[in-house]
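Close look at the chain arrangement
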Amino acid sequence: MAEFEWELVRAFNTFFEMEGIEAIAYRLRQARFSAQHMDVLVDSRYPEYYLAIECKSLATEGPLYFKQHFSPDQIERESRFVELSGRTGVLAVEFRGGRGRSKRAHLIPWSVVKEIRDSGASCLAIETVESYPGIPRVRGGYRMSHDTVSELYNACRYG
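Here goes a summary of the coordinates provided. Keep in mind that this is a model prediction, so the values were computed, not measured. (Residues numbered from 1 in each chain as written. Predicted model: local features only at pLDDT ≥ 70, side-chain atom pairs only at ≥ 80, totals over all residues. Heavy atoms only, no water.)

Looking only at helices and strands, one finds six helices and 10 strands in the protein chain. Taking 159 residues into account, the globule formula puts the C-alpha radius of gyration at 15 Å, and the protein chain, at 15 Å, falls close to it. Seen through its C-alpha atoms, the protein chain measures out along the principal axes to roughly 40 × 40 × 35 Å. Burial status across the protein chain gives 46% buried among its 159 residues. Within the protein chain, residue pairs in contact and separated by at least 24 positions form 60% of the contacts whose partners lie at least 6 positions apart. (Helix = DSSP H or I, 4+ residues; strand = E, 2+ residues; numbered from the N terminus. Rg over C-alpha atoms; globule rule 2.2 N^0.38 Å. Buried < 20%, exposed > 50% of the residue type's maximum accessible area, 1.4 Å probe, protein only. Contact = heavy atoms within 4.5 Å.)

Encoded structure:
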């Protein structure tokens, strides 16, 4: 999973550098026996880039199960971090696809993840994941764009 996190950090920072945007993405260091707030943080004075991102990388294409893919209190803990920090919370889901299939990833507003879980659902359906912005891949790496960030920001604010 750490590979996906680093790819996401690289995609954001390359985008910021190419577009001259004052922002920086970084991966939080993980300690073996302590809870981590989120996987990737993006700092910026611009609200659309002030993000807290949880990353999930799945070997096969399918639903994201709350009990299987999240620790017992992870959603509450990370929701609290998003609330207290004022960041926009995001779940980044990567489908690795397997042999001969390329990777693909989607960005889902954290509020949607929490709402679906709180409704009693056991998972995020693949159709739900796919209905949110995808991150394009170019030459084997993810590439962030204004369109992707704008679509995500709008989904987080008005979705």
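Resuming the write-up.
Look at helix 1 (residues 2-19): 26 Å from first C-alpha to last across 18 residues, which is about the 26 Å you get at 1.5 Å a residue. For helix 1, the full list of buried residues reads F4, E5, E7, L8, V9, A11, F12, F15 and F16. Taken from the residues just after helix 1, G20 is the one with a positive phi, measuring 70°. (Expected span 1.5 Å × (residues − 1).)

A few words on the nonpolar core. Counting 26 residues, the largest nonpolar core has L8, F12, F16, V42, Y49, I53 and M144 as its most contacted members. Counting only elements with at least two residues in this core, the list comes to helix 1, strand 1 (23-27), strand 2 (40-44), strand 3 (51-58), strand 5 (88-95), strand 6 (104-109) and helix 6 (146-158). The dominant element in this core, judged by the number of residues it contributes, is helix 1, at seven residues. With sequence-adjacent residues up to four places away left out, V42 is seen in contact with F12, F16, I24, A25, Y49, Y50, L51, I53 and R87. Within the second largest apolar cluster, 23 residues are counted, among which are L41, L91, W110 and Y132. (Core = buried A, V, L, I, M, F, W, Y, C linked by side-chain atoms within 4.5 Å.)

In total, this model carries zero disulfides according to the counting rule given. Here C55 is not disulfide-linked; the sulfur of C156 is the nearest cysteine sulfur, at 14 Å. Relative accessible area serves as the criterion here: at 0%, C55 is assigned to the buried category. (Disulfide = S-S within 2.5 Å.)

Another point: helix 3 (residues 74-85). Over its 12 residues, helix 3 extends 16 Å from the first C-alpha to the last, a length consistent with the 16 Å expected when each residue adds 1.5 Å. All of the buried residues along helix 3 are Q74, I75, E78, S79, F81 and V82. Buried residues in helix 3, looked at end-on, bunch into an arc of 160°, giving them a common side. For helix 3, exposure combined with an orientation more than 90 degrees from the buried face picks out E83 and L84. Against strand 2, strand 3, helix 2 (66-69), strand 5 and helix 4 (110-118) lie the buried residues of helix 3. The positive-phi residue at the C-terminal boundary of helix 3 is G86, with phi of around 80°. (Arc of directions from axis to C-beta.)

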